[in-house]
Amino acid sequence: MVDLVKMRASIAEILFIPVDELHGETRLENSDNWDSMARIGIIALVFEQVGVSVSGEEIERVVTVQDLFDLIDRKIKDAA
Amino acid sequence: MSLLTIEGVAIRAVTAALPERRVTEEDFAELFGAKEVARIAKSTGIQSIRETKTLHTSDLIIAACRNLLDQGHAAAQDIDGLIVVTQTPDSWVPGVGFMVQQALGLPQHCLVLNVAAGCSGYISALVQAGALISSGACKKILLCTGDVTTRILDERDRHVKMLFGDAASATLLEPGAGKFEFICGADGSGGAALQSDIAYAREAGSHVCATIQRLQMDGTAVMNFALSRVPQTVKALLEATGSSPAALDLLVLHQANAFMLNYLRRMIGVAAEKMPVDIDGVGNTSSTSIPIVLSRHAAIGTPQAEHVVLCGFGAGLSWGALKVDLRRTTAVAPCEVPEKTALADEPALAPSERLQA
(Lines give C-alpha, C1' and ligand atoms only; values in the text may rest on other atoms or scores of the structure.)
Protein backbone atom coordinates (compact mmCIF):
# COMPACT_ATOMS: atom_id res chain seq x y z
CA MET A 1 0.00 0.00 0.00
CA VAL A 2 1.41 3.36 -1.02
CA ASP A 3 1.63 5.87 1.82
CA LEU A 4 0.45 9.09 0.14
CA VAL A 5 1.19 11.31 3.15
CA LYS A 6 4.77 10.05 3.26
CA MET A 7 5.04 10.42 -0.49
CA ARG A 8 3.86 14.05 -0.31
CA ALA A 9 6.46 14.77 2.35
CA SER A 10 9.14 13.16 0.19
CA ILE A 11 8.12 15.23 -2.86
CA ALA A 12 8.34 18.43 -0.78
CA GLU A 13 11.77 17.34 0.42
CA ILE A 14 12.96 16.67 -3.13
CA LEU A 15 11.70 20.11 -4.26
CA PHE A 16 13.19 21.76 -1.16
CA ILE A 17 9.90 23.44 -0.21
CA PRO A 18 7.80 23.12 2.99
CA VAL A 19 5.09 20.46 2.59
CA ASP A 20 2.30 22.99 3.29
CA GLU A 21 3.50 25.00 0.29
CA LEU A 22 3.08 22.03 -2.02
CA HIS A 23 0.05 23.15 -4.05
CA GLY A 24 -1.28 21.55 -7.23
CA GLU A 25 -1.06 24.76 -9.23
CA THR A 26 2.57 25.43 -8.29
CA ARG A 27 4.51 25.56 -11.54
CA LEU A 28 7.63 23.41 -11.29
CA GLU A 29 9.16 24.99 -14.37
CA ASN A 30 9.47 28.21 -12.36
CA SER A 31 11.37 26.46 -9.58
CA ASP A 32 15.17 26.47 -9.62
CA ASN A 33 15.03 23.21 -7.72
CA TRP A 34 13.12 21.34 -10.47
CA ASP A 35 16.37 20.20 -12.10
CA SER A 36 17.80 16.87 -13.20
CA MET A 37 18.53 15.96 -9.58
CA ALA A 38 14.91 16.53 -8.53
CA ARG A 39 13.65 14.55 -11.53
CA ILE A 40 15.93 11.65 -10.55
CA GLY A 41 14.61 11.99 -6.98
CA ILE A 42 11.02 11.56 -8.18
CA ILE A 43 11.96 8.55 -10.31
CA ALA A 44 13.64 6.87 -7.34
CA LEU A 45 10.74 7.70 -5.01
CA VAL A 46 8.12 6.24 -7.35
CA PHE A 47 10.24 3.17 -8.06
CA GLU A 48 10.70 2.45 -4.36
CA GLN A 49 7.14 3.22 -3.25
CA VAL A 50 5.19 1.93 -6.26
CA GLY A 51 7.66 -0.47 -7.87
CA VAL A 52 7.43 0.90 -11.42
CA SER A 53 9.69 3.06 -13.60
CA VAL A 54 8.95 6.63 -14.64
CA SER A 55 10.62 7.36 -17.97
CA GLY A 56 12.59 10.50 -18.73
CA GLU A 57 9.89 11.48 -21.27
CA GLU A 58 7.12 11.16 -18.68
CA ILE A 59 8.96 13.30 -16.17
CA GLU A 60 9.73 15.94 -18.83
CA ARG A 61 5.98 16.38 -19.46
CA VAL A 62 5.41 17.42 -15.83
CA VAL A 63 4.72 21.18 -15.62
CA THR A 64 2.85 21.66 -12.33
CA VAL A 65 2.83 19.89 -8.97
CA GLN A 66 -0.64 18.57 -9.95
CA ASP A 67 0.90 16.96 -13.06
CA LEU A 68 3.33 15.22 -10.73
CA PHE A 69 0.50 14.00 -8.46
CA ASP A 70 -1.41 12.77 -11.56
CA LEU A 71 1.66 10.96 -12.88
CA ILE A 72 2.21 9.19 -9.55
CA ASP A 73 -1.52 8.41 -9.31
CA ARG A 74 -1.41 6.82 -12.79
CA LYS A 75 1.62 4.76 -11.81
CA ILE A 76 -0.10 3.52 -8.64
CA LYS A 77 -3.19 2.49 -10.67
CA ASP A 78 -1.02 0.83 -13.34
CA ALA A 79 0.81 -1.13 -10.65
CA ALA A 80 -2.38 -2.24 -8.89
CA MET B 1 20.91 -14.32 -15.44
CA SER B 2 23.00 -17.32 -14.57
CA LEU B 3 25.62 -17.85 -11.91
CA LEU B 4 29.18 -18.54 -13.02
CA THR B 5 32.08 -19.69 -10.83
CA ILE B 6 35.86 -19.42 -11.08
CA GLU B 7 37.81 -21.49 -8.55
CA GLY B 8 41.38 -21.40 -7.26
CA VAL B 9 41.85 -17.64 -7.05
CA ALA B 10 42.51 -15.18 -4.22
CA ILE B 11 42.61 -11.42 -3.92
CA ARG B 12 45.87 -10.93 -2.02
CA ALA B 13 45.90 -7.15 -1.56
CA VAL B 14 44.14 -4.00 -2.69
CA THR B 15 44.99 -0.31 -2.58
CA ALA B 16 44.28 3.00 -4.26
CA ALA B 17 45.90 6.31 -5.19
CA LEU B 18 44.20 9.69 -4.87
CA PRO B 19 45.35 13.00 -6.30
CA GLU B 20 46.47 15.22 -3.43
CA ARG B 21 44.50 18.17 -4.85
CA ARG B 22 41.01 18.59 -3.40
CA VAL B 23 38.10 20.59 -4.77
CA THR B 24 36.15 21.61 -1.67
CA GLU B 25 32.60 22.75 -1.01
CA GLU B 26 33.95 26.33 -0.82
CA ASP B 27 35.53 25.95 -4.26
CA PHE B 28 32.23 24.65 -5.65
CA ALA B 29 30.35 27.49 -3.93
CA GLU B 30 32.45 30.04 -5.82
CA LEU B 31 31.40 28.41 -9.08
CA PHE B 32 27.75 27.61 -8.44
CA GLY B 33 26.66 29.48 -5.27
CA ALA B 34 26.70 28.21 -1.67
CA LYS B 35 22.98 27.40 -1.42
CA GLU B 36 22.92 25.34 -4.61
CA VAL B 37 26.12 23.53 -3.66
CA ALA B 38 24.71 22.64 -0.23
CA ARG B 39 21.54 21.28 -1.85
CA ILE B 40 23.44 19.10 -4.32
CA ALA B 41 25.98 17.88 -1.73
CA LYS B 42 23.19 16.91 0.68
CA SER B 43 21.71 14.64 -1.97
CA THR B 44 24.86 13.15 -3.49
CA GLY B 45 26.77 12.84 -0.20
CA ILE B 46 29.75 14.42 -1.96
CA GLN B 47 31.01 17.65 -0.42
CA SER B 48 34.44 17.55 -1.99
CA ILE B 49 36.26 15.56 -4.65
CA ARG B 50 39.81 14.84 -5.81
CA GLU B 51 40.84 16.41 -9.09
CA THR B 52 44.18 16.47 -10.82
CA LYS B 53 45.17 19.18 -13.26
CA THR B 54 48.57 17.71 -14.18
CA LEU B 55 48.58 13.95 -13.58
CA HIS B 56 47.68 11.40 -16.20
CA THR B 57 45.79 8.16 -15.57
CA SER B 58 49.10 6.26 -15.79
CA ASP B 59 50.66 8.44 -13.04
CA LEU B 60 47.84 7.57 -10.63
CA ILE B 61 47.88 3.86 -11.54
CA ILE B 62 51.68 3.63 -11.18
CA ALA B 63 51.42 5.29 -7.73
CA ALA B 64 48.74 2.79 -6.67
CA CYS B 65 50.84 -0.16 -7.90
CA ARG B 66 53.95 1.08 -6.07
CA ASN B 67 51.90 1.60 -2.90
CA LEU B 68 50.87 -2.05 -3.15
CA LEU B 69 54.19 -3.58 -4.23
CA ASP B 70 56.01 -1.65 -1.47
CA GLN B 71 54.13 -3.80 1.05
CA GLY B 72 56.20 -6.78 -0.08
CA HIS B 73 53.36 -9.02 -1.28
CA ALA B 74 55.02 -9.42 -4.68
CA ALA B 75 58.08 -8.27 -6.55
CA ALA B 76 57.70 -6.48 -9.89
CA GLN B 77 59.58 -9.26 -11.70
CA ASP B 78 57.04 -11.85 -10.48
CA ILE B 79 54.04 -10.10 -12.06
CA ASP B 80 53.07 -12.07 -15.18
CA GLY B 81 49.71 -10.42 -15.86
CA LEU B 82 48.70 -6.77 -15.93
CA ILE B 83 45.14 -5.60 -16.57
CA VAL B 84 44.44 -1.88 -16.83
CA VAL B 85 40.87 -0.59 -16.85
CA THR B 86 40.35 3.02 -17.91
CA GLN B 87 38.13 5.24 -20.00
CA THR B 88 40.53 8.18 -19.91
CA PRO B 89 43.80 6.80 -21.35
CA ASP B 90 46.93 8.98 -21.56
CA SER B 91 47.13 8.30 -25.27
CA TRP B 92 45.09 6.63 -27.98
CA VAL B 93 47.99 4.29 -28.86
CA PRO B 94 49.59 2.56 -27.00
CA GLY B 95 47.30 1.62 -24.12
CA VAL B 96 48.07 2.77 -20.57
CA GLY B 97 49.01 -0.81 -19.61
CA PHE B 98 52.25 -0.59 -21.58
CA MET B 99 53.25 2.62 -19.80
CA VAL B 100 52.56 0.99 -16.44
CA GLN B 101 54.57 -2.12 -17.41
CA GLN B 102 57.54 0.06 -18.38
CA ALA B 103 57.40 2.32 -15.31
CA LEU B 104 57.11 -0.55 -12.82
CA GLY B 105 59.76 -2.65 -14.55
CA LEU B 106 57.41 -5.60 -15.07
CA PRO B 107 58.97 -8.46 -17.08
CA GLN B 108 58.62 -8.59 -20.86
CA HIS B 109 56.79 -11.94 -20.67
CA CYS B 110 54.02 -10.20 -18.68
CA LEU B 111 50.61 -10.38 -20.39
CA VAL B 112 49.32 -6.79 -20.74
CA LEU B 113 45.60 -6.21 -21.26
CA ASN B 114 43.97 -2.82 -21.75
CA VAL B 115 40.26 -2.74 -20.95
CA ALA B 116 37.94 0.16 -21.84
CA ALA B 117 35.25 -0.03 -19.17
CA GLY B 118 33.53 2.28 -16.71
CA CYS B 119 31.77 1.77 -13.40
CA SER B 120 31.27 -1.98 -13.87
CA GLY B 121 34.91 -2.41 -14.94
CA TYR B 122 36.33 -3.63 -11.64
CA ILE B 123 33.98 -6.63 -11.65
CA SER B 124 34.56 -7.57 -15.30
CA ALA B 125 38.34 -7.23 -14.80
CA LEU B 126 38.21 -9.41 -11.66
CA VAL B 127 36.46 -12.06 -13.78
CA GLN B 128 39.15 -11.71 -16.44
CA ALA B 129 41.98 -11.91 -13.89
CA GLY B 130 40.32 -14.82 -12.07
CA ALA B 131 39.98 -16.78 -15.31
CA LEU B 132 43.65 -16.22 -16.19
CA ILE B 133 44.78 -17.42 -12.74
CA SER B 134 42.37 -20.34 -12.57
CA SER B 135 43.49 -21.58 -16.00
CA GLY B 136 47.13 -21.44 -14.96
CA ALA B 137 47.97 -18.82 -17.62
CA CYS B 138 49.13 -16.34 -14.96
CA LYS B 139 50.44 -16.66 -11.40
CA LYS B 140 50.44 -13.05 -10.20
CA ILE B 141 48.19 -10.44 -11.75
CA LEU B 142 48.09 -6.73 -11.07
CA LEU B 143 44.60 -5.48 -11.80
CA CYS B 144 44.60 -1.69 -12.13
CA THR B 145 41.79 0.79 -12.56
CA GLY B 146 42.24 4.49 -13.04
CA ASP B 147 40.62 7.56 -14.53
CA VAL B 148 40.96 11.31 -14.74
CA THR B 149 37.24 11.69 -15.45
CA THR B 150 37.27 15.38 -14.42
CA ARG B 151 39.17 16.07 -17.67
CA ILE B 152 36.22 15.04 -19.83
CA LEU B 153 33.48 16.86 -17.90
CA ASP B 154 31.61 20.03 -18.82
CA GLU B 155 32.95 22.39 -16.11
CA ARG B 156 29.74 24.45 -16.21
CA ASP B 157 27.49 21.48 -15.40
CA ARG B 158 27.30 21.53 -11.60
CA HIS B 159 25.70 18.08 -11.44
CA VAL B 160 28.68 16.31 -13.03
CA LYS B 161 31.35 18.72 -11.77
CA MET B 162 30.29 18.00 -8.18
CA LEU B 163 29.94 14.26 -8.79
CA PHE B 164 32.99 12.74 -10.47
CA GLY B 165 36.51 12.54 -9.09
CA ASP B 166 39.92 11.27 -10.23
CA ALA B 167 41.63 8.18 -8.70
CA ALA B 168 43.30 4.86 -9.42
CA SER B 169 43.61 1.46 -7.75
CA ALA B 170 45.74 -1.67 -7.79
CA THR B 171 44.67 -5.19 -6.80
CA LEU B 172 46.98 -8.22 -6.58
CA LEU B 173 45.52 -11.61 -7.50
CA GLU B 174 47.16 -15.02 -7.01
CA PRO B 175 46.23 -18.70 -7.07
CA GLY B 176 44.47 -19.62 -3.83
CA ALA B 177 41.73 -21.61 -2.18
CA GLY B 178 39.07 -19.01 -2.86
CA LYS B 179 36.54 -18.65 -5.64
CA PHE B 180 34.62 -15.98 -7.51
CA GLU B 181 30.88 -16.53 -7.88
CA PHE B 182 29.38 -13.94 -10.17
CA ILE B 183 26.60 -12.75 -12.42
CA CYS B 184 27.43 -10.26 -15.17
CA GLY B 185 25.30 -8.64 -17.84
CA ALA B 186 25.21 -5.96 -20.51
CA ASP B 187 22.61 -4.06 -22.50
CA GLY B 188 24.14 -2.05 -25.31
CA SER B 189 20.76 -0.50 -26.13
CA GLY B 190 21.37 1.85 -23.20
CA GLY B 191 24.73 3.05 -24.49
CA ALA B 192 23.64 6.68 -24.86
CA ALA B 193 22.85 6.98 -21.13
CA LEU B 194 26.57 7.39 -20.36
CA GLN B 195 28.55 8.41 -23.38
CA SER B 196 31.64 10.26 -24.54
CA ASP B 197 31.62 10.23 -28.32
CA ILE B 198 34.65 10.50 -30.56
CA ALA B 199 34.50 12.54 -33.76
CA TYR B 200 37.04 11.62 -36.40
CA ALA B 201 37.76 14.56 -38.65
CA ARG B 202 40.93 15.04 -40.63
CA GLU B 203 41.74 18.63 -41.36
CA ALA B 204 44.27 19.34 -44.05
CA GLY B 205 47.63 20.28 -42.59
CA SER B 206 46.67 19.23 -39.02
CA HIS B 207 48.07 16.37 -36.97
CA VAL B 208 44.74 16.10 -35.13
CA CYS B 209 42.34 13.53 -36.55
CA ALA B 210 39.76 13.25 -33.78
CA THR B 211 38.15 15.10 -30.90
CA ILE B 212 36.50 13.61 -27.83
CA GLN B 213 33.10 14.82 -26.68
CA ARG B 214 32.59 15.71 -23.03
CA LEU B 215 30.94 12.98 -20.95
CA GLN B 216 27.19 13.00 -21.47
CA MET B 217 25.02 11.51 -18.74
CA ASP B 218 21.26 10.95 -18.95
CA GLY B 219 20.61 10.95 -15.21
CA THR B 220 17.03 9.67 -15.39
CA ALA B 221 18.01 6.76 -17.65
CA VAL B 222 20.95 5.86 -15.38
CA MET B 223 18.73 5.98 -12.29
CA ASN B 224 16.08 3.77 -13.87
CA PHE B 225 18.79 1.34 -14.98
CA ALA B 226 20.40 1.16 -11.53
CA LEU B 227 17.10 0.78 -9.64
CA SER B 228 15.96 -2.07 -11.86
CA ARG B 229 19.25 -3.92 -12.45
CA VAL B 230 21.29 -3.64 -9.26
CA PRO B 231 18.83 -5.07 -6.67
CA GLN B 232 17.78 -7.74 -9.20
CA THR B 233 21.38 -8.83 -9.84
CA VAL B 234 22.50 -8.79 -6.20
CA LYS B 235 19.40 -10.71 -5.10
CA ALA B 236 19.88 -13.26 -7.91
CA LEU B 237 23.51 -13.79 -6.88
CA LEU B 238 22.58 -14.23 -3.21
CA GLU B 239 19.82 -16.67 -4.07
CA ALA B 240 22.00 -18.69 -6.46
CA THR B 241 24.77 -18.99 -3.87
CA GLY B 242 22.38 -19.94 -1.06
CA SER B 243 22.99 -16.67 0.76
CA SER B 244 20.83 -13.74 1.84
CA PRO B 245 21.17 -10.03 2.67
CA ALA B 246 21.20 -10.98 6.38
CA ALA B 247 23.99 -13.53 5.89
CA LEU B 248 26.26 -11.05 4.11
CA ASP B 249 29.22 -9.50 5.89
CA LEU B 250 29.66 -6.70 3.40
CA LEU B 251 27.98 -5.42 0.25
CA VAL B 252 30.18 -3.00 -1.69
CA LEU B 253 28.35 -1.27 -4.51
CA HIS B 254 29.90 1.07 -7.05
CA GLN B 255 29.92 4.42 -5.24
CA ALA B 256 27.77 6.36 -7.71
CA ASN B 257 26.30 8.83 -5.21
CA ALA B 258 24.84 8.53 -1.71
CA PHE B 259 21.30 9.23 -2.85
CA MET B 260 21.28 6.30 -5.28
CA LEU B 261 23.11 4.01 -2.84
CA ASN B 262 20.53 4.60 -0.10
CA TYR B 263 17.68 3.66 -2.43
CA LEU B 264 19.53 0.57 -3.63
CA ARG B 265 20.30 -0.47 -0.05
CA ARG B 266 16.65 -0.31 0.97
CA MET B 267 15.54 -2.21 -2.13
CA ILE B 268 18.13 -4.96 -1.57
CA GLY B 269 17.19 -5.09 2.11
CA VAL B 270 20.66 -4.98 3.62
CA ALA B 271 21.56 -3.25 6.89
CA ALA B 272 23.26 0.15 6.58
CA GLU B 273 26.33 -0.98 8.56
CA LYS B 274 26.95 -3.75 6.00
CA MET B 275 26.83 -1.45 2.98
CA PRO B 276 29.56 1.21 3.11
CA VAL B 277 29.06 4.63 1.56
CA ASP B 278 32.59 5.95 1.12
CA ILE B 279 32.29 8.66 -1.49
CA ASP B 280 32.66 12.02 0.29
CA GLY B 281 36.07 13.56 -0.34
CA VAL B 282 36.72 11.51 -3.47
CA GLY B 283 33.58 11.63 -5.64
CA ASN B 284 32.34 9.01 -8.09
CA THR B 285 35.58 7.44 -9.36
CA SER B 286 34.10 5.02 -11.90
CA SER B 287 35.82 1.59 -11.90
CA THR B 288 38.03 2.68 -8.98
CA SER B 289 35.21 3.29 -6.49
CA ILE B 290 34.89 -0.32 -5.27
CA PRO B 291 38.65 -0.84 -4.66
CA ILE B 292 38.79 2.52 -2.80
CA VAL B 293 36.10 1.25 -0.41
CA LEU B 294 37.95 -2.06 0.04
CA SER B 295 41.30 -0.35 0.67
CA ARG B 296 39.78 1.81 3.45
CA HIS B 297 37.36 -0.64 5.11
CA ALA B 298 38.34 -2.04 8.51
CA ALA B 299 36.64 -5.42 7.93
CA ILE B 300 38.86 -6.40 4.99
CA GLY B 301 41.42 -9.00 6.08
CA THR B 302 39.40 -9.96 9.18
CA PRO B 303 36.88 -12.77 9.90
CA GLN B 304 34.16 -10.18 9.18
CA ALA B 305 34.93 -10.27 5.45
CA GLU B 306 34.03 -13.89 4.65
CA HIS B 307 30.85 -13.21 2.70
CA VAL B 308 31.47 -10.13 0.57
CA VAL B 309 29.53 -9.11 -2.53
CA LEU B 310 30.93 -6.49 -4.89
CA CYS B 311 28.63 -4.93 -7.49
CA GLY B 312 29.55 -2.58 -10.32
CA PHE B 313 27.14 -0.94 -12.76
CA GLY B 314 27.34 1.80 -15.33
CA ALA B 315 28.44 2.64 -18.87
CA GLY B 316 27.51 0.12 -21.52
CA LEU B 317 25.07 -0.20 -19.96
CA SER B 318 26.62 -3.04 -18.00
CA TRP B 319 26.53 -4.60 -14.56
CA GLY B 320 28.16 -7.34 -12.52
CA ALA B 321 27.97 -8.72 -8.99
CA LEU B 322 30.67 -10.98 -7.57
CA LYS B 323 30.82 -12.90 -4.29
CA VAL B 324 34.24 -13.39 -2.73
CA ASP B 325 35.94 -14.19 0.58
CA LEU B 326 38.23 -11.29 1.62
CA ARG B 327 39.31 -12.59 5.04
CA ARG B 328 42.90 -13.02 3.87
CA THR B 329 43.06 -9.90 1.73
CA THR B 330 45.34 -7.06 2.83
CA ALA B 331 43.79 -3.61 2.59
CA VAL B 332 46.54 -1.06 2.03
CA ALA B 333 45.49 2.52 2.81
CA PRO B 334 45.40 4.72 -0.31
CA CYS B 335 48.40 6.93 -1.07
CA GLU B 336 48.15 10.57 -2.14
CA VAL B 337 49.81 11.76 -5.32
CA PRO B 338 51.06 15.38 -5.55
CA GLU B 339 50.52 17.45 -8.67
CA LYS B 340 53.43 17.66 -11.11
CA THR B 341 54.87 21.01 -10.08
CA ALA B 342 57.21 21.44 -13.05
CA LEU B 343 54.34 21.32 -15.50
CA ALA B 344 51.67 22.87 -13.31
CA ASP B 345 51.71 26.28 -14.94
CA GLU B 346 52.04 25.07 -18.50
CA PRO B 347 48.90 24.59 -20.57
CA ALA B 348 48.36 21.09 -21.91
CA LEU B 349 49.63 20.71 -25.44
CA ALA B 350 47.46 19.45 -28.24
CA PRO B 351 48.92 16.33 -29.89
CA SER B 352 49.89 18.38 -32.95
CA GLU B 353 51.73 20.90 -30.79
CA ARG B 354 53.51 18.12 -28.91
CA LEU B 355 54.74 16.68 -32.18
CA GLN B 356 56.08 20.05 -33.23
CA ALA B 357 57.60 20.83 -29.83
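Residues numbered from 1 in each chain as written. Chains lettered and ligands numbered in written order. Predicted model: local features only at pLDDT ≥ 70, side-chain atom pairs only at ≥ 80, totals over all residues. Heavy atoms only, no water.

Under an unreviewed UniProt entry, the name given to chain A is Acyl carrier protein, and the source organism is Pseudomonas fluorescens.

## Points about the packing of aromatic side chains
Put simply, the rule is: We call Phe, Tyr and Trp rings a pair once their centres come within 6.5 Å, taking the six-membered ring for Trp, and we label the pair stacked below 30 degrees between planes, edge-to-face above 60, and tilted otherwise. For a ring to carry a charge above it, either NZ of a lysine or CZ of an arginine must fall within 6 Å of the ring centroid while also lying within 35 degrees of the normal to the ring plane.
Summed over the entire model, instances satisfying the criterion amount to 2 aromatic pairs over all chains. Geometry around Tyr263(B) places Arg266(B) over its ring, the cationic atom sitting 4.7 Å from the centre.

## Examining the nonpolar core
Quick note on the threshold: In this text, buried Ala, Val, Leu, Ile, Met, Phe, Trp, Tyr and Cys residues form a nonpolar core when linked through side-chain atoms within 4.5 Å. For each residue, the accessible area found with a 1.4 Å probe, counting protein chains only, is set against the maximum for its type, and the residue is called buried under 20%, exposed over 50%, and partly exposed in between. A helix here means a DSSP run of H or I that spans at least four residues, while a strand means a run of E at least two residues long, and both kinds are numbered starting from the N terminus. Throughout, a contact is declared for two residues whenever any of their heavy atoms are within 4.5 Å.
Within the largest apolar cluster, 57 residues are counted, with the highest numbers of intra-cluster contacts made by Ile11(A), Trp34(A), Leu227(B), Val230(B), Leu251(B), Leu253(B) and Phe313(B). Going through the elements one at a time, helix H1 (4–15), helix H2 (36–50) and helix H4 (65–79) of chain A together with helix H7 (219–240), strand S12 (250–253), helix H8 (258–268), strand S13 (308–314) and strand S14 (318–324) of chain B are the ones with two or more residues in this core. Leave out the neighbours within four places in its chain, and Leu253(B) touches Val230(B), Val234(B), Leu261(B), Leu264(B), Ile268(B), Met275(B), Ile290(B), Cys311(B) and Phe313(B).

## Side note on the interface of chain A and chain B
Where the parts come together, the accessible area they lose is often given as the size of the interface. The criterion, for reference: Accessible area, probed at 1.4 Å, shrinks when two parts are joined; the buried area is that loss added up over both. Throughout this description, the term salt bridge denotes a Lys or Arg side-chain nitrogen within 4 Å of a carboxyl oxygen of Asp or Glu. A 3.5 Å cut-off defines polar contacts: any pair of N or O atoms within that distance qualifies, except that in protein one atom must be a possible hydrogen donor and the other a possible acceptor, and neighbouring residues in sequence count only when both atoms are side-chain atoms. Classes in brief: Ala, Val, Leu, Ile, Met, Phe, Trp, Tyr, Cys and Pro nonpolar; Asp, Glu, Lys and Arg charged; the others, Gly included, polar.
Opposite the 20 residues of chain A that make contact, chain B presents 17 residues. Summed over both partners, the interface of chain A with chain B comes to about 1,500 Å²; 66% of that surface belongs to carbon and sulfur atoms. One can count 3 salt bridges joining chain A with chain B. Arg266(B) is the salt-bridge partner of Glu48(A), the closest N and O atoms lying 2.4 Å from each other. Along the contact surface separating chain A from chain B lie 5 residue pairs in polar contact (both at pLDDT 80 or more). For the side of chain A that touches chain B, the secondary structure elements donating two or more residues are H2 and helix H3 (56–60) of chain A. For the side of chain A that touches chain B, the element with the highest residue contribution is H2(A), accounting for 10 residues. Of the residues belonging to the side of chain A that touches chain B, the class tally is 9 nonpolar, 6 polar and 5 charged.

## Some points on the pairing of strand S1 (residues 4–19) of chain B
Residue and element names in this part refer to chain B. What counts is decided by this rule: Two strands qualify as a pair provided DSSP detects at least 2 bridges between them.
Bridge count between S1 and strand S7 (residues 167–186): 12 bridges; the pairing is antiparallel. By the bridge assignment, Ala-13 is partnered in S7 with Leu-172. Where S1 and strand S15 (residues 330–331) come together, 2 bridges link them in parallel fashion. Opposite Val-14, over in S15, you have Ala-331 as the bridge partner. Inspection of the sheet shows S1 paired to strand S16 (residues 335–337) by 3 bridges, in the parallel sense.

## Some points on the pattern of salt bridges
If you walk through the whole model with that rule in mind, you get 22 salt bridges over all chains. Salt-bridge contacts for Lys75(A) lead to Glu58(A); the nearest nitrogen and oxygen are separated by 3.0 Å. Taken together, the positions of Lys75(A) in helix H4 and Glu58(A) in helix H3 put the pair 17 residues apart, joining distant regions of the chain. Each member of the pair, Lys75(A) as well as Glu58(A), carries the same accessibility label: buried. With a shortest N-O distance of 3.0 Å, Arg50(B) and Glu336(B) are connected by a salt bridge. In this pair, Arg50(B) sits in strand S3 (residues 49–50) while Glu336(B) sits in strand S16, placing the two residues 286 residues apart along the sequence. Accessibility expressed as a relative area gives 5% for Arg50(B), which makes it buried. What you see here is one network of salt bridges that share partners, running through Arg21(B), Glu51(B), Lys53(B), Glu155(B) and Lys161(B).

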